[in-house]
Every structure is written in C-alpha cells, then in structure tokens.
Amino acid sequence: MKFVSFQVGDRQTYGVKRDARIVELAGLHGLPQDLLGGIEEGEGFLQKVKRVLQDDSAEPRSYSHNEIKWLSPLPKVKRNIMCVGKNYRDHAIEMGGEQDIPKDIMIFTKATNTVVGHEETVLHHGEMTEQLDYEGELAVVIGKRGKGISLEDALEYVFGYTILNDITARNLQKKHGQFFIGKSLDTTCPIGPYLVTKDEVVDPQNLKITTRVNDEIRQSSNTSEMIFNIPTIISTLSKGMTLEPGDIIATGTPAGVGKGFKPPLFLKKGDRVVIEIESLGILTNQLQA
C-alpha cells in the first residue's frame, strides 16, 4: 500500500493511494487518526486497512491529487531523522577522495523542524548560506520497537520505504565540523510523496534512484551501490539504542550532489528538485524564489 498524509482545507488527515485517488482513512471504522498511530499499532493496522478497502459499505471519502495539499507521510516525527553519511563509494570520493570512504557507518541526524512534504516550498536561507545542496535518498521507516536487532531479522522491523531529500548547507557543514546545523535548517528535509509498505518493494537493495534539478539529471544510481546495506544500518543503530515505530532512517546519497561538480552547482532561488526512486514514486520540491 502507498500511504499518504495530506491536508484538506485546515484539516490534516491521511489515507492510501487507490488508482488515481487518495482514499481517506483517519478514524474510519476504528482506524487511528494519523499514520504514526497506525504504525504504532503494528501488523493489525494493515489488516484493518485492507478490510476497510474491501468493504463496499464503508464509503470512505476520496480525493484527486489536485484536491489535497501533500504533507510528509509522517508530518510530525517523534525523534530526529537518522542519516547515514557517505554510504555510496562514488559520493565519498566526490566529497574528498578514496580516503573518505568509511570503514564504519557514519551517522548524523536532522532535526524534526526540517520535515516538509511533496510539492512544499523549501526556504533558500540566503541570509545564512549560498551553498544549499540536494541529496536524493532512500529512507526506511521503522515499524516496530527493537533493540539488538540481528542482520537476519532487520527487515522484519521495517514498516516501509519513502523518498527523502537531505538538503544541506555545505558552508555550515564545513564551518561547524559536526553536521547538525548544516543539515537542520527549516524545510530542508522533504519526504514523500508516499510511504510504501515493504510488501510492495520486492528488493529495497535494488532500486534505481535519479535526481533532477530543473530537468537536468544530476544523480543516477541504484541502491545496490550502498556500502552498508539496510540490514547492516538497522542492526548497527539498534545495538545500543532502541529503535521506535515511526523512526526514519535516511540511507545515504549517491554521487552527483552539487558540491561534487567543478565548479559546484549549488541550488539557486526557484530551482526545482525532482527525486525518483523505483517503486516509490517521485518527490518534487521547489526552492523559494
């Protein structure tokens, strides 16, 4: 299933994509009021949704795509987004050289204030940076609580997958050493448009990923090129830290970021960034003009 969180008028709700429409689910036949509540319910939530969609008498409201304002699938996240740095060999090299290829997983976080949805405007933060950069990434959403998760069991803890743009102020990233400030400016974590349940993704480690800026292809790769695969990421994070339902893990970006070009191709006012990942859809955001 492809879950969507959205706004109609002043009301925030969620639903699931069905053909060309979005079927609203919030509160229907005892379903939770938001998607995070559903994820926290576990497997029973998906079974309830399936029954509602199969019930001809349910008569849920549905909307066309142009009737809604898209939100991040999880508009309000409980914890910082966990991110893997330099998880594609070619990206590590473009950011420095062979010596920058990590031997162990690099982890940083983005603050919760960064999260926005598909087609939402990204602030340009011109008073702080002229080096705003895009990073197209596969994101994993955790589906159940776990600690000390084995490699073999790791994918059982996944609820689904989505697209994430880890927008970064490169000057702030360099200035402060730690990544947090450069990664956490408001609106710099677009996510969406869908949260796709894991049963619809045959192999998350073999998905084509493409990033375009104003229709120019900048990134073109495959999740098979990750240095540390998804089970390794989940298992490593969970060794001393409990993962919670709704946790979002960004798995790293491939080569082709703006900083990697000579001269660099940082984002400018009005630029449109389009990230497409096979089986997950297309995430589109425009930089504030």
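The coordinates are above.
In what follows, the accompanying structure is described.

Rules used throughout
Residues numbered from 1 in each chain as written. Predicted model: local features only at pLDDT ≥ 70, side-chain atom pairs only at ≥ 80, totals over all residues. Heavy atoms only, no water. Pairing = 2+ DSSP bridges. Helix = DSSP H or I, 4+ residues; strand = E, 2+ residues; numbered from the N terminus. Core = buried A, V, L, I, M, F, W, Y, C linked by side-chain atoms within 4.5 Å. Buried < 20%, exposed > 50% of the residue type's maximum accessible area, 1.4 Å probe, protein only. Contact = heavy atoms within 4.5 Å. Phe/Tyr/Trp six-rings, centres within 6.5 Å; stacked < 30°, edge-to-face > 60°. Polar contact = N/O pair within 3.5 Å; in protein donor to acceptor, adjacent residues only side chain to side chain.

1. A closer look at the sheet that holds strand β19 (residues 281-287)
Pairing in this open sheet of 5 strands is mixed, and the strands run β9-β19-β18-β15-β16 from one edge to the other. Only two strands of the sheet have a single neighbouring strand rather than two, namely β9 (121-122) and β16 (216-222). Bridge count between strand β15 (residues 208-213) and β16: 6 bridges; the pairing is antiparallel. Of the residues in β16, the one forming a bridge with T211 is Q219.

2. Let's talk about the nonpolar core
Ranked by internal contacts, the top residues of the largest apolar core, which has 48 residues, are I68, L138, Y161, I234, I249, I277 and L280. Per-element accounting of this core gives the leading share, 4 residues, to helix α6 (residues 230-238). Among all residues touching I68, those that are not within four sequence positions of it are V4, F6, Q7, V8, I22 and Y63. Membership of the second largest hydrophobic core comes to 32 residues, among which are L36, C83, I191 and I248.

3. Notes on the packing of aromatic side chains
Under the definition given, this model contains 6 aromatic pairs. Ring geometry for F108 against F179: centres 5.2 Å apart, planes inclined by 65°, an arrangement best described as edge-to-face. Here the residue F108 occupies a position in strand β7 (residues 106-110), and F179 occupies one in the loop between α4 (170-176) and α5 (180-183), the gap between them amounting to 71 residues. Taking the relative accessible area as the measure of exposure, F108 reaches 10% and is therefore buried. Members of the aromatic cluster, each reached through a chain of ring pairs, are F3, Y14, F45 and F159.

4. Structural notes on the environment of F159
With respect to the helices and strands, the residue F159 is situated in strand β12 (residues 158-165). Given the relative accessible area of 7%, F159 is considered buried. For the pair F159 and S221, spaced 62 residues apart in sequence, the C-alpha separation works out to 24 Å.

5. Concerning the side chain of T162
Following the sequence through the fold, T162 ends up in strand β12. Among the polar contacts listed, one links the side chain of T162 to the backbone oxygen of Y194, at a separation of 2.6 Å. Once residues lying within four places of it in the same chain are set aside, the contact partners of T162 are P73, E137, L138, A139, V141, I191, G192, Y194, L195 and L280.

6. Focus: unusual backbone geometry
With an omega dihedral of 0°, the bond running from G192 to P193 counts as a cis peptide bond. Looking at the secondary structure, you find P193 in strand β14 (residues 189-197). The omega angle of the peptide bond from K262 to P263 is -5°, so this bond is cis rather than trans. On the secondary structure map, P263 appears in the loop between β17 (248-250) and β18 (272-277). Phi is positive for D19, which is not a glycine, with a value near 55°. Within the secondary structure, D19 is located in the loop between β2 (11-18) and β3 (21-24). Residue D19 is classed as exposed on the basis of its relative accessible area of 69%.

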